[in-house]
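Coordinate analysis (summary)
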Amino acid sequence: MDISQTELTRLRQSEEKYRRMIEMANDAIFSIDVDNGQILEANPRAEELTGRALEKLIGLPVWELHPAEEIGRAKNLFNNVVATGQGSVRDMEFIRPDKSRIIVNINSAMVEFGGHRIIQRICRDVTAKRALEAESKTMHQFFEYVLNLMPVGLGLKKDINATPTIVFENRKLQEMFHSDDDDPDHNHWYLDCKESECVDKREILGVNGIYGIEKKFHDGKLFLFNVSYYKMPDETWYELQMVQDITDQRKMENDLRRSNEELESRVEDRTRELRQKQSALAQAEKMASLGQLVAGVAHEINTPLGALKSNNDLFNRYFTRLFDRLLSDDCPEPIRNDPDLKKLYENISNLTAVNLTALDRIVAIVNSLRLFARLDRAEKDSFDIHKGLESTLTLVNHQLKGRIELIREYGQLPSISCFPNQINQVFMNILVNASQAIDNKGTIRIKTWYDKNKRVIIEFSDDGQGMEPKVVERIFDPGFTTKGSGIGTGLGLSIVHQIITDHDGTIEVTSSPEQGTTFKIVLPVINNH
Amino acid sequence: MEPGKNIIVIVDDEEMVLTSLSSFLNLETDYEVKSFTSANQALTYIADNEIDMVVSDYLMPEMDGMSFLAKVREIQPDVPRVILTGYADKENAIKAINDVGLFQYIEKPWDNEDILIIFRNGLEKKQLMRKLNEKIEQINKAYGELQGLQNDIIKTFV
Ligand SMILES: Nc1ncnc2c1ncn2[C@@H]1O[C@H](COP(=O)(O)OP(=O)(O)OP(=O)(O)O)[C@@H](O)[C@H]1O
Ligand SMILES: [Mg+2]
């Protein structure tokens, strides 16, 4: 073989360069004898990695670098490379004289060198790298473990704007969507959510976004998808979905809301009832003291009234007797036929007659007052409805007189068992309202009858101004009045309602601005009040 | 006091009631009316004089009508007792009337005709009672005489 001088120089230079490279390399490099596996050459990095000086390395069978348990494998590795002539890469451990170990990645290859076959090994210290890898693997497993325990479904996919692939699904998500049933809803959580929802993908993909969707599946299950997008530094897009089965939760929420509403309306009812009771109570107290007042007044009036009535009667008798005498034939003619005397007689007769009617009227009013405010509130009594109506009418007469025509259509009624003063109060409140509803002239009709079910019906109709439906709805509410404060208290009908309900009765109203108003009261003859 | 005249005692704290009632009775009847505004004065009178009928107001400041009439009953049990009431609570009044054992009650304002009837009946009752008592006395006397006779007969034979 002819090698020119320049060629030789070039070779030397190249060899020198090669040697320097080997000496400076960051990997340990060994040349190994094919025949006996002894180390022929090693670079300074090899001294470092093995913890042995070059003199110690040269001549050392290469498997002696490994710990006892790996020596077998190390020999095999060597023999394999020798036998097959092929390179191999694997991780193994070096043990140093001080017993410390490192993991090395061994790259073995057969090379021809100056007509000799030798094995060259490049060994890289991967201890730190492997430790890192192991740690990261443990971390991964740990996270997977934790994520699988999560009570929400978690799914991660990548390349969502190209061909999405699933990176991870936790156990919960698999339970939710990969169950055995054939419901198509229960598969492909990622496709379903991505394709069917009206999310503008480009917009979402433009930023790292998060959004939530509720989806109801065919089987009635309700899922909440929380979807977030991430763009990784390598430009791939990831989508993380957190999926919750909120069927039960929603049902509970609904139940809660419903029971809340129910509660609220119950509270409202109770409050209204309470307010009604309170106003009825206030009214009852007012009536009780009014009753006592009326009773006292009636007593006080009756004494002078008794005297007046008696005297008027007496006066009438003797006045008549006196004139009978004066006008009789026994009397002298000038007196008997005196026209002044006759005139006097006629006028005084008229006046005493008026006195009598006036007194009778007072007596009737006082009687009505007494009947109206009977003090027997503690005990139920049998009560003649018509008498109650009449005594009440006497009391409201001044409001009706000359203005309102009263039509009575009384049927045959049995006595009913009730608190008479309360029922009178009912009649009074309704009659006063009716007379107030009639602006000028009008009619109030009172109709009573007895029905097959042993109930007494009392119907009051007026042709007054009537009410709009909006008003009708509220008339029994305590405090509701259209009469302006200071005029109406708005308690009248709420008390009526209370009393009628307490007597196991009912009250109904029909009213319209054209037709006027009718209140229909139905009372059982016997109640348990 | 004229013999044979019925004596009526009326008690009311209101003068006007007394005047009205006594004028009426004076004019319409031949009863002799004694009126008092004080129940105690009336009781004094009744203790000393036999009367035929008594009328009292229900509510009076000094003594209420019921107590007054109860006392009258103690003094002269046969006298019909009438209460005059303007009290609104008629039921209670009637209950009281039954308790004290009254002949009648009259409501204020009263009706003169009713009063006449009540008085007439009351006096008639009193009359009948007196007659009944007289008869009973006669019978008792006759019975006593009979017993005396019996005793005489027994004495004679024994
Ligand atoms: N016969 C009726 N015709 C027309 N409206 C009526 C009639 N009765 C009641 N109303 C209406 O119902 C409302 C309530 O009546 P309610 O008797 O409870 O109170 P009031 O009459 O306003 O006050 P008060 O009874 O204290 O005078 C009245 O303000 C009125 O608007
Ligand atoms: Mg009213």
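Here is a short report on the structure shown in this document. (Residues numbered from 1 in each chain as written. Chains lettered and ligands numbered in written order. Predicted model: local features only at pLDDT ≥ 70, side-chain atom pairs only at ≥ 80, totals over all residues. Heavy atoms only, no water.)

**Considering the overall build of chain B**
- Secondary structure summary: chain B contains five helices and five strands in total.
- Element order for chain B, N to C, with α for helix and β for strand: β-α-β-α-β-α-β-α-β-α.
- The buried share among the 158 residues of chain B stands at 43%.
- Sequence separation of at least 24 residues holds for 66% of the intrachain contacts in chain B that already meet a minimum separation of 6.
- Surface summary for chain B: the accessible area is close to 8800 Å², and the carbon and sulfur share equals 51%. (Helix = DSSP H or I, 4+ residues; strand = E, 2+ residues; numbered from the N terminus. Buried < 20%, exposed > 50% of the residue type's maximum accessible area, 1.4 Å probe, protein only. Contact = heavy atoms within 4.5 Å. Areas by Shrake-Rupley, 256 points an atom, 1.4 Å probe, with all protein chains shown as cover.)

**Considering the site of ligand 1**
Residue and element names in this part refer to chain A.
- Surveying the vicinity of ligand 1 reveals 19 residues, the closest of which are Asn 433, Thr 481, Thr 482, Lys 483 and Thr 489.
- The separation between a nitrogen atom of ligand 1 and a polar side-chain atom of Thr 517 is 3.2 Å.
- Coverage of ligand 1 by the protein chains reaches 92% of its 590 Å² of free accessible surface.
- Of all the elements in the fold, those that place two or more residues in the shell around ligand 1 are helix 13 (420-437), helix 15 (492-502) and strand 17 (516-524).
- Examining the composition of the shell around ligand 1, we find that three residues originate from one element, helix 13, more than from any other.
- Grouping the amino acids of the shell around ligand 1 by side-chain chemistry returns eight nonpolar, nine polar and two charged. (Near = heavy atom within 4 Å. Polar contact = N/O pair within 3.5 Å; in protein donor to acceptor, adjacent residues only side chain to side chain. Nonpolar A, V, L, I, M, F, W, Y, C, P; charged D, E, K, R; others polar.)

**What to know about the interface of chain A and chain B**
- Each side of the interface is counted separately: chain A has 22 residues, and chain B has 21 residues.
- Note on chain A versus chain B: buried area summed over both sides is about 1800 Å², and carbon and sulfur give 54% of it.
- Our enumeration of links across chain A and chain B arrives at four salt bridges.
- Ionic pairing is found between A:Arg317 and B:Glu28, a salt bridge with its closest N-O pair at 2.8 Å.
- On the surface where chain A and chain B come into contact, there are ten residue pairs in polar contact (both at pLDDT 80 or more).
- Of all the secondary structure elements, the ones that give two or more residues to the side of chain A that touches chain B are helix 9 (247-327) and helix 11 (339-372) of chain A. (Buried area = accessible area lost by both parts, 1.4 Å probe. Salt bridge = Lys/Arg side-chain N within 4 Å of Asp/Glu carboxyl O.)

**Focus: the sheet that holds strand 2 (residues 39-42) of chain A**
Residues and elements named next belong to chain A.
- Strand order in this open sheet of five strands is 2-1-5-4-3, and the pairing throughout is antiparallel. This sheet does not close on itself; its edge strands, each paired only once, are strand 2 and strand 3 (88-95). Direction aside, the axes of adjacent strands within the sheet are offset by 30° on average.
- Bridge count between strand 4 (residues 101-113) and strand 5 (residues 116-125): ten bridges; the pairing is antiparallel. When the bridges of strand 5 are listed, Met 110 appears paired with Ile 119.
- Helix 4 (residues 71-84) rests against strand 1 (28-33), strand 3, strand 4 and strand 5 of the sheet, and its axis sits at about 145° to strand 3.
- In the packing of helix 5 (residues 127-149) onto the sheet, contacts are made with strand 3, strand 4 and strand 5, and the angle to strand 4 comes to roughly 125°. (Pairing = 2+ DSSP bridges. Axes fitted to C-alpha atoms, helices over the stretch in contact; angles between N-to-C directions.)

**Describing the side chain of B:Ser38**
Residue and element names in this part refer to chain B.
- Note that Ser 38 resides in the loop between strand 2 (32-36) and helix 2 (39-48).
- A distance of 3.3 Å separates a polar atom in the side chain of Ser 38 from a polar atom in the side chain of Glu 62.
- Excluding its chain neighbours within four sequence positions, the residues that come into contact with Ser 38 are Val 11 and Glu 62.

**Topic: the nonpolar core**
All names here are of chain A.
- Within the largest apolar cluster, 39 residues are counted, with the highest numbers of intra-cluster contacts made by Phe 427, Ile 430, Ile 458, Phe 460 and Ile 521.
- At the level of secondary structure, the elements contributing two or more residues to this core comprise helix 12 (385-400), strand 13 (416-418), helix 13, strand 14 (442-450), strand 15 (455-462), helix 15, strand 16 (506-512) and strand 17.
- Top contributing element to this core by residue count: helix 13, with eight residues.
- Sequence-distant contacts of Ile 430, defined by excluding residues within four places in its chain, comprise Phe 460, Leu 493, Val 496, Ile 507, Phe 519 and Ile 521. (Core = buried A, V, L, I, M, F, W, Y, C linked by side-chain atoms within 4.5 Å.)

**Let's talk about the packing of aromatic side chains**
All names here are of chain A.
- Overall, the coordinates contain ten aromatic pairs over all chains when judged by the stated rule.
- Between the aromatic rings of Phe 30 and Phe 94, the centroid separation amounts to 6.4 Å while the plane-to-plane angle is 85°, which identifies the pairing as edge-to-face. A residue pair is termed long-range when its members are at least 10 positions apart, and Phe 30 in strand 1 and Phe 94 in strand 3 qualify at 64 residues. Neither Phe 30 nor Phe 94 differs from the other in exposure class; each is buried. (Phe/Tyr/Trp six-rings, centres within 6.5 Å; stacked < 30°, edge-to-face > 60°.)

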